[in-house]
Amino acid sequence: MTAAPQTRLLIIGPPGAGKGTQASRIVERFGVPWISTGDIFRANIKAGTPLGQRVSQLIEAGKLVPDELTNEIVEDRLRHEDVSSGFLLDGYPRTVDQVHALDRVLESDARALDAVVLLEVDTDEVVARLLKRAEIEGRVDDTEEVIRHRQQVYAEQTQPLVELFGDRGILIAVDGLGSVDDVSDRIFAALDAKLEPKTAA
Ligand code: ADP
């Protein structure tokens, strides 16, 4: 027993499920860094870096950034010193190949995910939310057509991860409908129940 206890979490759910809002609460409570691939890409686009230039059109169209590139970015990020307390991944992995890439990175370090929070909301609700957010934030990938495309990409590429993590016994499905506080209360209760045996050991 040398390493300090870590909490390695992942949050997934369809675009517009409220992942970002809940992610900010989870990282505050668990004191772990928040790793959002969407934020990393947007920051690079804003700063006009080579990475930003490479991904901007894909993101504007609601398409996924290629796995290879995304995997490399996350692998780099997971080498930073601050993940010694664990981490919350938000928006990654998003494809089965990304799950395998993440497995390899974590295995090489004798780490594994402790829990995966799935935020469940129905499609009509999330499309309505995203259109509202588009008015407020003006995100380039929040037009109706792109939103629908992102939902489709989620259904095709990311939905299979639900079963995969379910089979591993680390999935926590949380109803994402209700107030922000209601949803985070549900998440914390479920996470505490899931992580408790580990902390007690
Ligand atoms: P949302 O959860 O609202 O879909 P994100 O901020 O997570 O938004 O992602 C925005 C966009 O960034 C995605 O539509 C995609 O183009 C790109 N992206 C983010 N994460 C990944 C990933 N893991 N793999 C590929 N592309 C990604």
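Use the structure listed above.
What you are looking at is a predicted structure, and each value in this text was computed from that prediction instead of being measured. (Residues numbered from 1 in each chain as written. Predicted model: local features only at pLDDT ≥ 70, side-chain atom pairs only at ≥ 80, totals over all residues. Heavy atoms only, no water.)

Visitor: I keep staring at the environment of proline 5 and nothing clicks. Help me out?
Guide: For proline 5, the position within the fold is in the segment before strand 1 (7-12). Note on proline 5: relative accessible area 73%, which makes it exposed. A C-alpha to C-alpha distance of 8.0 Å links proline 5 and glycine 86, two positions 81 residues apart in sequence. (Helix = DSSP H or I, 4+ residues; strand = E, 2+ residues; numbered from the N terminus. Buried < 20%, exposed > 50% of the residue type's maximum accessible area, 1.4 Å probe, protein only.)

Visitor: Looking at this structure, how should I read unusual backbone geometry?
Guide: For the peptide bond that leads from tyrosine 92 to proline 93, omega is -5°, which places it in the cis range. Following the sequence through the fold, proline 93 ends up in the loop between strand 3 (86-90) and helix 5 (96-107).

Visitor: Even after reading the chapter, I still don't get the pairing of strand 3, so can you show me in this structure?
Guide: On a regular strand, each side chain points to the face opposite its neighbour's, so the side chains alternate between the two faces of the sheet. Of all the 5 residues making up strand 3, 5 are buried; the element is thus mostly covered by neighbouring parts of the structure. Along strand 3, one buried face is formed by Gly86, Leu88 and Asp90 and the opposite face, lined by Phe87 and Leu89, is buried too. Where strand 1 meets strand 3, 5 bridges bridge the pair, whose relative direction is parallel. The partner of leucine 10 across the bridge, within strand 3, is leucine 89. As paired elements, strand 2 (residues 34-36) and strand 3 share 3 bridges and run parallel to each other. (Pairing = 2+ DSSP bridges.)

Visitor: What exactly am I supposed to notice about the nonpolar core here?
Guide: Note on soluble globular proteins: their nonpolar side chains tend to be buried together. Residues Leu78, Phe87, Leu89, Leu113 and Phe165 are the most contacted members of the largest nonpolar core, which totals 23 residues. At the level of elements, strand 1, strand 3, helix 5, strand 4 (115-120) and helix 8 (160-167) are the ones that each hand at least two residues to this core. A per-element tally of this core places helix 5 first, with 5 residues. In this view, phenylalanine 165 contacts Leu10, Pro93, Val99, Leu113, Val116, Ile170 and Leu171; residues no more than four positions away in its chain are not counted. Of all hydrophobic cores here, the second largest spans 20 residues; its members include Ala23, Ile172, Ile187 and Leu191. (Core = buried A, V, L, I, M, F, W, Y, C linked by side-chain atoms within 4.5 Å. Contact = heavy atoms within 4.5 Å.)

Visitor: Help me understand the sheet that holds strand 3, please; the structure alone is not making it clear to me.
Guide: For sheets, the rule is that strands pair by backbone hydrogen bonds, running either parallel or antiparallel. The 5 strands lie next to each other as 2-3-1-4-5, forming an open sheet whose pairing is parallel. At either end of the open sheet lies a strand with only one pairing partner, and these are strand 2 and strand 5 (171-175). Across the sheet, the axes of successive neighbouring strands diverge by a mean angle of 20°, strand direction being ignored. Looking at chain direction, strand 4 and strand 5 are connected through 5 bridges and run parallel. Along strand 5, the bridge assignment pairs glutamate 120 with aspartate 175. Of the strands in this sheet, strand 1, strand 4 and strand 5 are in contact with helix 8, which crosses strand 5 at around 125°. (Axes fitted to C-alpha atoms, helices over the stretch in contact; angles between N-to-C directions.)

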